[in-house]
Amino acid sequence: MVRFGVGLIAIVLIFISFERQLMNSSTSKQEESWIDTGLKTQDIGNFYQNFNCKSTQKTYLACVNSLLAMANYLELELKWSDVGGLSLEKRKSVANQNEKVRLVPWLKLFKENKYLTMNFEQVWKELESKIKSHKFAPYIVGLGINNYLSIHRDPHSYLLPREYYEKVVANSNPRINSYGFNLGKTESEFVFARIYPGSIFDKLGVNKGDVILEIDGKDISHMALDAVSDWLKSKDTHKFKVRLSNNKIETWSLDKRSQVLPAVSMKRLPRANNKNLHLISIFKISDGVCEATKGNLRQAIKEKTSGVILDLRDNSGGSMDEILCISGLFVGEKKIYDLVYFNKRFRKETFFSEQVEEYFGPLVVLVNRSTASSAEILAGVIQHYERGLLIGERTFGKGSFQEGEEWPKNNKLLYFQTKGTFHLPSGRSPQLLGITPDVQVTETIASIFQREEELYLYPVGNREVREKVSKRIASVQQCGSSKKEILTADRLLGKALGHIDCIQF
Amino acid sequence: MDFQLTTSHFKYQFLASKRKSKKIMLVLHGRGDSLKPFKNFDKELGVPEMNYLLLNAPRKYLKGFSWFGEPPFERTGVLRIRSMIFDVINELEKQGYKAKNIFLFGFSQGCLVSTDVALNYPKQLGGVIGVSGYFHFFPRWRQSLTLDSRKTPWIMTHGYRDDILPYQETKFGAEKLKDSGLDIEFVSLNKKHDMIDEEFPIIKRWVKTHL
């Protein structure tokens, strides 16, 4: 189902920032997949164009960002002092900073002309010797290149091993060596920041925001986020002590080997008010997701569903072709999006869904700030055609699309390059603005993830085009807000249950 | 001679001043050439209070050297050379040469490099001397000019009969710089794409007034 252009695969993904990779307990597999690419430290030397780090503000920040990322992985810290110049020191604290925040002090040094005296070559040599002896050297080099590209090109242009892309990213039912959750830290506690539907913890009934008290019998509350993350990566089995939202404490011994993470899963919600509701969760838009969703919808219709709640929270997007089909399941054969290329020689391309409508009943879509990219198209299209009600937080705001092709220097790597922006049927692009839901509700656990505008220093720009709220949507909003909120651990789901009663599409 | 550069970017030769001085001129040759023909540059120009640092371009080109690749790689090449020359200037500053006393001299392609460095180096330099040269204007190049770098004085000489780099184009470029508020003197000479004896006294006089 992936669209092939002239040797190109059009994919939309977000996968780049290294904070995400640090906190994702499934990264060991990704690191291993880089080994086969044989990427060497010289490759990054070429990227710096032999230390062309001082020619512009952008090349300077790109070099810094890249060195910071690699040093951080090696538990080192890049420091600057007027006397000693650039140096690498053992990292003392782990600051969970995003790219934008991380670069602020370095931008200041640029403005003060301090960059002129920085000894990039020397620091790189020191770092290079450490990378060479590391078992995941190709991964660290990849990290360096991707963080360079994040500034020098844009935050969503990056390299990814072909094998990892095919087996994990584009696969709808990938087998991975992972527990299938993202770890987050609030002020004093470790929490499940995101639980992939169908993963071990999801099956055990753990919810987003539940607290991890101990791992392998050790209290972890004083530990740093990535130390815990590393610990989880170090072995295949762990013992977890977890406090659930109902204050019940559970202990499980779990094995993370060969877990299957389905991209789509469906749950029948407990019957309430004579309603028979179905919750369909899609966590990424990979090949086969449309077929799976279609199957789930048919199943729901067979079970005489009185309403479907489509959960797109934490969905980081995926294929631009697959989303045409998925959108069609809900809105039918309509215009879905336009692609506008940066390169003015290419004309605007309009894409229509060729999928007939499968489901006509009441529909609520849940979104949050981590709903990104092609998932924003799905949410935006459903909103535009007034096919369903959007509940949750303003979405991530990634409106750029990437085309992946073989990297000319190494055929084991795919280079995803940002080629332009996509626009919803209204002409509006979600880039930086995101999709504003019809009913705005903040999640119970403030998400540890941030949006495009908060994460990156040089995102692709956008112009605001406002969408009007129709009378029909307004009446549902009003009716829903008058209902008593149904109390569930999941606040957005509670709102959805309240509003779905009011929908008569 | 106790002069040494720690940056390994370029081969170089240092010509010490006749009088003790902390003023220095970086001399950049043209494409296909090398630093060799400039070994008597100090005598030819005859400014006794000037040190000279002759730099050799890093890339092999025909029998000589080039500062950057052919189009379409010119753009990245110019950026790279800029960064490398910044390193050299920075090192000179460390050795006690103030930015205000560092002059850039470039012939042809070397002129392009000198002008690019002067447009982007954030501090005021001693001056830019461009002979039979041309420019590489990046998009929004004016934005990288700082209050200090605008103070750097410029002189450019070019021959009417230049058959390699058209006179009109370089003159147009120089006027663009002038319009942006730079202090630039453009001297038109009756010559081809080379350096003639008559222009040494012109440059010498200009350098003397800007020492």
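Computed from a predicted structure; not experimentally measured.

What counts, and where the lines are drawn
- Residues numbered from 1 in each chain as written.
- Chains lettered and ligands numbered in written order.
- Predicted model: local features only at pLDDT ≥ 70, side-chain atom pairs only at ≥ 80, totals over all residues.
- Helix = DSSP H or I, 4+ residues; strand = E, 2+ residues; numbered from the N terminus.
- Rg over C-alpha atoms; globule rule 2.2 N^0.38 Å.
- Buried ≥ 20, exposed ≤ 12 C-beta atoms within 10 Å, placed from the backbone.
- Contact = placed C-beta atoms within 7 Å.
- Pairing = 2+ DSSP bridges.
- Axes fitted to C-alpha atoms, helices over the stretch in contact; angles between N-to-C directions.
- Parallel < 35°, antiparallel > 145°, perpendicular 65-115°, else oblique.
- Left-handed = near helix turned anticlockwise from the far one by under 90°.
- Nonpolar A, V, L, I, M, F, W, Y, C, P; charged D, E, K, R; others polar.
- Expected span 1.5 Å × (residues − 1).
- Bend = angle between axes of the 7 residues up to and from the residue.
- Core = buried A, V, L, I, M, F, W, Y, C linked by C-beta atoms within 7 Å.
- Domains from an automatic or database assignment.
- Arc of directions from axis to C-beta.

Caption draft 1: Seen up close, the overall build of chain B. The secondary structure content of chain B amounts to five helices and nine strands. Along chain B, helices (α) and strands (β) appear in the sequence β-β-α-β-β-β-α-β-α-β-β-α-β-α when read from the amino end. In terms of overall dimensions, chain B is globule-like: its C-alpha atoms have a radius of gyration of 16 Å, near the 17 Å expected for 211 residues. Across its three principal axes, chain B shows a C-alpha extent of roughly 45 × 40 × 35 Å. When each of the 211 residues of chain B is scored for burial, the buried share is 41%. Across chain B, contacts joining residues at least 24 apart in sequence account for 73% of those joining residues at least 6 apart.

Caption draft 2: Examining the overall build of chain A more closely. Assigned secondary structure in chain A consists of 16 helices and 22 strands. Expressed as a percentage of its 505 residues, the buried residues of chain A come to 47%. Residue pairs at least 24 apart in sequence account for 74% of intrachain contacts in chain A once pairs closer than 6 positions are excluded.

Caption draft 3: Molecular detail of the sheet that holds strand S15 (residues 307–311) of chain A. All names here are of chain A. Taken together, the six strands give an open sheet; going across it, the order is S13-S14-S15-S18-S19-S22, and neighbouring strands pair in mixed fashion. The outermost strands of the open sheet, each flanked by one partner alone, are strand S13 (264–268) and strand S22 (439–440). Where strand S14 (residues 277–282) and S15 come together, five bridges link them in parallel fashion. Within S15, the residue paired with Leu-279 across the bridge is Ile-309.

Caption draft 4: Structural detail: the packing of helix H4 (residues 57–73) of chain A against helix H7 (residues 137–152) of chain A. Residues and elements named next belong to chain A. Packing of H4 against H7 brings their axes to within 8 Å, and their N-to-C directions diverge by 150°. If you check the angle between H4 and H7, you find them roughly antiparallel. By crossing handedness, the relation of H4 to H7 is classed as right-handed. Between H4 and H7, the residues in contact are Lys-58, Thr-59, Leu-61, Ala-62, Asn-65, Ser-66, Ala-69, Met-70 and Tyr-73 and Ile-140, Leu-143, Gly-144, Asn-147, Tyr-148, Ser-150, Ile-151 and His-152, respectively.

Caption draft 5: Quick peek at the interface of chain B and chain A. Every contact between the two is made by 10 residues of chain B and, on the other side, 12 residues of chain A. No other element matches the seven residues that helix H2 (residues 74–94) of chain B contributes to the side of chain B that touches chain A. For the side of chain B that touches chain A, a count of residues per class yields three nonpolar, four polar and three charged.

Caption draft 6: Main features of helix H5 (residues 99–111) of chain A. All names here are of chain A. Here H5 is 13 residues long and its end C-alpha atoms lie 18 Å apart, about the 18 Å a rise of 1.5 Å per residue gives. The sharpest bend along H5 measures roughly 35° and falls at Pro-105. Restricting attention to buried positions, one finds in H5 the residues Glu-99, Leu-103 and Trp-106. Where the residues of H5 are buried, they touch H4, H7 and helix H14 (452–455). Asn-113 sits one or two residues past H5 and shows a positive phi near 65°.

Caption draft 7: Up close: the nonpolar core. Within the largest apolar cluster, 73 residues are counted, with the highest numbers of intra-cluster contacts made by Val-365 and Leu-366 of chain A. The element that contributes the greatest number of residues to this core is helix H12 (residues 322–331) of chain A, accounting for seven residues. Both domains that furnish three or more residues to this core are identified here as domain 2 (175–260) and domain 3 (264–408 + 420–500) of chain A. Excluding its chain neighbours within four sequence positions, the residues that come into contact with Val-365 of chain A are Leu-310, Leu-312, Ala-379, Ile-382, Gly-388 and Leu-390 of chain A. Within the second largest apolar cluster, 53 residues are counted, among which are Ala-57, Ile-102, Val-117 and Ile-184 of chain B.

Caption draft 8: Quick look at the packing of H4 of chain A against H5 of chain A. Residues and elements named next belong to chain A. Close contact between H4 and H5 brings their axes to 10 Å; oriented N to C, the two are set at 130°. Overall, the two elements H4 and H5 adopt an arrangement that is oblique. Of the two possible hands of crossing, H4 and H5 adopt the one that is right-handed. Of the residues in H5, those in contact with Gln-57, Tyr-60, Leu-61, Val-64, Asn-65 and Leu-68 of H4 are Glu-99, Arg-102, Leu-103, Trp-106, Leu-107 and Phe-110. Here the contact of H4 with H5 is composed, by residue class, of eight nonpolar, two polar and two charged.

Caption draft 9: Here's a closer look at the domain arrangement of chain A. As assigned here, chain A comprises domain 1 (17–154), domain 2 (175–260) and domain 3 (264–408 + 420–500). For domain 1 of chain A versus domain 2 of chain A, the separation of C-alpha centres amounts to 29 Å.

Caption draft 10: Representation of the sheet that holds strand S6 (residues 102–107) of chain B. Residues and elements named next belong to chain B. The strand order across the open sheet built from seven strands is S1-S3-S2-S6-S7-S8-S9, with neighbouring strands paired in mixed fashion. This sheet does not close on itself; its edge strands, each paired only once, are strand S1 (11–15) and strand S9 (183–189). Within the sheet, the average angular offset between the axes of one strand and its neighbour, ignoring direction, is 15°. Two strands pair when backbone bridges link them, and strand S2 (residues 24–28) and strand S3 (residues 51–56) are joined in this way by five bridges, in the parallel orientation. When the sheet's bridge partners are listed, Leu-26 is paired in S3 with Leu-53. Of the strands in this sheet, strand S8 (153–159) and S9 touch helix H4 (residues 167–179), which is tilted by about 165° from S8.

Caption draft 11: The pairing of strand S10 (residues 237–243) of chain A, seen in detail. Residues and elements named next belong to chain A. Looking at chain direction, strand S8 (residues 211–215) and S10 are connected through four bridges and run antiparallel. By the bridge assignment, Ile-212 is partnered in S10 with Val-242. Of the pairings in the sheet, the one linking S10 to strand S11 (residues 249–255) comprises seven bridges and is antiparallel in character. Across the sheet, the residue bridging to His-238 is Leu-254, located in S11. Following S10, the chain reverses through five residues before pairing antiparallel with S11; Asn-247 in that reversal takes a positive phi of roughly 65°.

Caption draft 12: Local environment of helix H10 (residues 225–234) of chain A. Buried residues of H10 of chain A: Asp-226, Val-228, Ser-229 and Leu-232 of chain A, and no others. When H10 of chain A is viewed along its axis, its buried side chains cluster within an angular range of 155° and face the same direction.

Caption draft 13: Looking closely at the environment of Tyr-60 of chain A. Residue and element names in this part refer to chain A. Relative to the helices and strands, Tyr-60 is located in helix H4. Of the residues examined, Tyr-60 has 23 C-beta atoms within 10 Å and is grouped as buried. Along the sequence, Tyr-60 and Ile-151 sit 91 residues apart, while their C-alpha atoms lie 9.4 Å from each other. Sequence-distant contacts of Tyr-60, that is, excluding residues within four places in its chain, are made with Cys-53, Lys-54, Phe-110 and Tyr-115.

Caption draft 14: Structural view of unusual backbone geometry. All names here are of chain A. Phi at Asn-113 takes a positive value of approximately 65°, unusual for a residue other than glycine. Here Asn-113 lies in the loop between H5 and helix H6 (120–132). Even without being a glycine, Lys-304 presents a positive backbone phi close to 55°. You can call Lys-304 exposed: it has 7 C-beta atoms within 10 Å.

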